[in-house]
Amino acid sequence: MRVLATVDRHGRGVTADQLSRDISVPVDYLAPLLSMLKNEGYLDLQPGGAYVVGESAVLLGSGTRQRALSDKLKAILTRLRDEVGAAVYFSRYDDGEVRIVDYADGPTAPKVNEWVDFRDAAHASAVGKCLLTQLDLDGRRDHVSRHKVARFTSKTITNERVLFTTLDSQPSTVPTLDLQEYAVGTVCAAVPITIGAAVGCLAVSMPLDRAHSLRKAADTLNKRAAPVLLSLSI
């Protein structure tokens, strides 16, 4: 955000060296960040080596912001689906409910069969548990008071105290897993995407026979989360 604000302030363009001096960040550290911003369309690189604000940033500041955000999110999810070879989801906790904002699936990356509404399955799904870990105790209690902690498979946690203990012990840097807790034959993982008070997550699902690939896929989501964070924060 500091890079974008500084580029915008220069108007006619600014080189990486000048950016480095302006925001007191080494050029070597800036290089991958500038590359990511350019690839995502937030910056354009001029022939003379100067960076200017790109089309994505311009759109997000206009009246078409919501549409631009949706298109940007879909493009990110689609790239992630192709990279991990599985269905990818972006979810948020809005007004006390789990909401799947968007997802990217395909013939070789089928999405999970939502046989129980995800709003009623937060205690069992990777998405739901990842969102609940970002709430305080009162928020979690409010949620389970409205949504019964029901058993979906033999692996589902149905004890509220055990559920809360499990959520409390979940490290923020480690993907939240669902190993057949929501549906037999399906495994999922989710990583948190938090902007201020907004609670969200990126998740991936795959058939049980691909469970060995789950952690690697979740790590990829974690590493590629920056564009999602950036899109949501502008």
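Structure shown above.
For clarity, every value in this text was computed on a predicted model and none was experimentally measured.

Caption draft 1: Representation of the overall build of the chain. Along the backbone of the chain there are ten helices and seven strands. Expressed along its principal axes, the backbone C-alpha trace of the chain runs to roughly 60 × 40 × 35 Å. Buried residues in the chain amount to 45% of all 234 residues. Summarising the internal contacts of the chain: among those between residues at least 6 apart in sequence, 57% fall at separations of at least 24.

Caption draft 2: Structural view of the packing of aromatic side chains. For the coordinates displayed, the defined rule picks out five aromatic pairs. Relative to Tyr103, the ring of Tyr89 has its centre 6.2 Å away and its plane inclined at 40 degrees; by these criteria the two rings are tilted. Pair noted here: Tyr89 is in strand S3 (residues 87-94) and Tyr103 is in strand S4 (residues 97-104), with a separation of 14 residues, a long-range link. Ring geometry for Trp115 and Phe152: centres 5.8 Å apart, planes at 80 degrees, overall edge-to-face. Taken together, the positions of Trp115 in the loop between S4 and helix H6 (126-133) and Phe152 in the loop between helix H7 (137-146) and helix H8 (160-168) put the pair 37 residues apart, joining distant regions of the chain. The partly exposed category is assigned to Trp115, whose relative accessible area is 45%. One aromatic cluster in this structure is built from Trp115, Phe118, Phe152 and Tyr182. Cation over ring: Lys74 sits above Tyr103, and NZ or CZ is 5.7 Å from the ring centre.

Caption draft 3: A look at helix H2 (residues 16-23). What H2 keeps buried is the set Ala16, Leu19, Ser20 and Ile23. Projection of H2 onto a plane perpendicular to its axis shows the buried side chains occupying an angular sector of 100 degrees, all on one side. Buried residues belonging to H2 abut helix H1 (2-10), helix H3 (27-39) and strand S2 (51-53). Of the residues one or two after H2, Ser24 is the one with positive phi, at around 55 degrees.

Caption draft 4: Layout of the side chain of Asp178. With respect to the helices and strands, Asp178 occurs in strand S5 (residues 176-179). Of the side chains with opposite charge, Lys129 lies nearest to the buried Asp178, which makes no salt bridge, at 5.7 Å. Here the side chain of Asp178 touches Tyr182 through a polar contact of 3.3 Å, landing on its backbone nitrogen. Aside from chain neighbours lying at most four places away, what touches Asp178 is Ala124, Ser125, Ala126, Lys129, Thr186, Val187 and Cys188.

Caption draft 5: Molecular detail of the side chain of Arg140. Relative to the helices and strands, Arg140 resides in helix H7. Here Arg140 falls in the buried class, since its relative accessible area comes to 6%. For Arg140, the side chain forms a polar contact with the main-chain oxygen of Leu135, separated by 3.3 Å. Ignoring anything within four residues of it in the chain, the contact list for Arg140 reads Leu132, Thr133, Leu135, Phe164, Leu167 and Asp168.

Calculation criteria
- Residues numbered from 1 in each chain as written.
- Predicted model: local features only at pLDDT ≥ 70, side-chain atom pairs only at ≥ 80, totals over all residues.
- Heavy atoms only, no water.
- Helix = DSSP H or I, 4+ residues; strand = E, 2+ residues; numbered from the N terminus.
- Buried < 20%, exposed > 50% of the residue type's maximum accessible area, 1.4 Å probe, protein only.
- Contact = heavy atoms within 4.5 Å.
- Phe/Tyr/Trp six-rings, centres within 6.5 Å; stacked < 30°, edge-to-face > 60°.
- Lys NZ or Arg CZ within 6 Å of the ring centre and 35° of its normal.
- Arc of directions from axis to C-beta.
- Lys, Arg positive; Asp, Glu negative; His and termini not counted.
- Salt bridge = Lys/Arg side-chain N within 4 Å of Asp/Glu carboxyl O.
- Polar contact = N/O pair within 3.5 Å; in protein donor to acceptor, adjacent residues only side chain to side chain.

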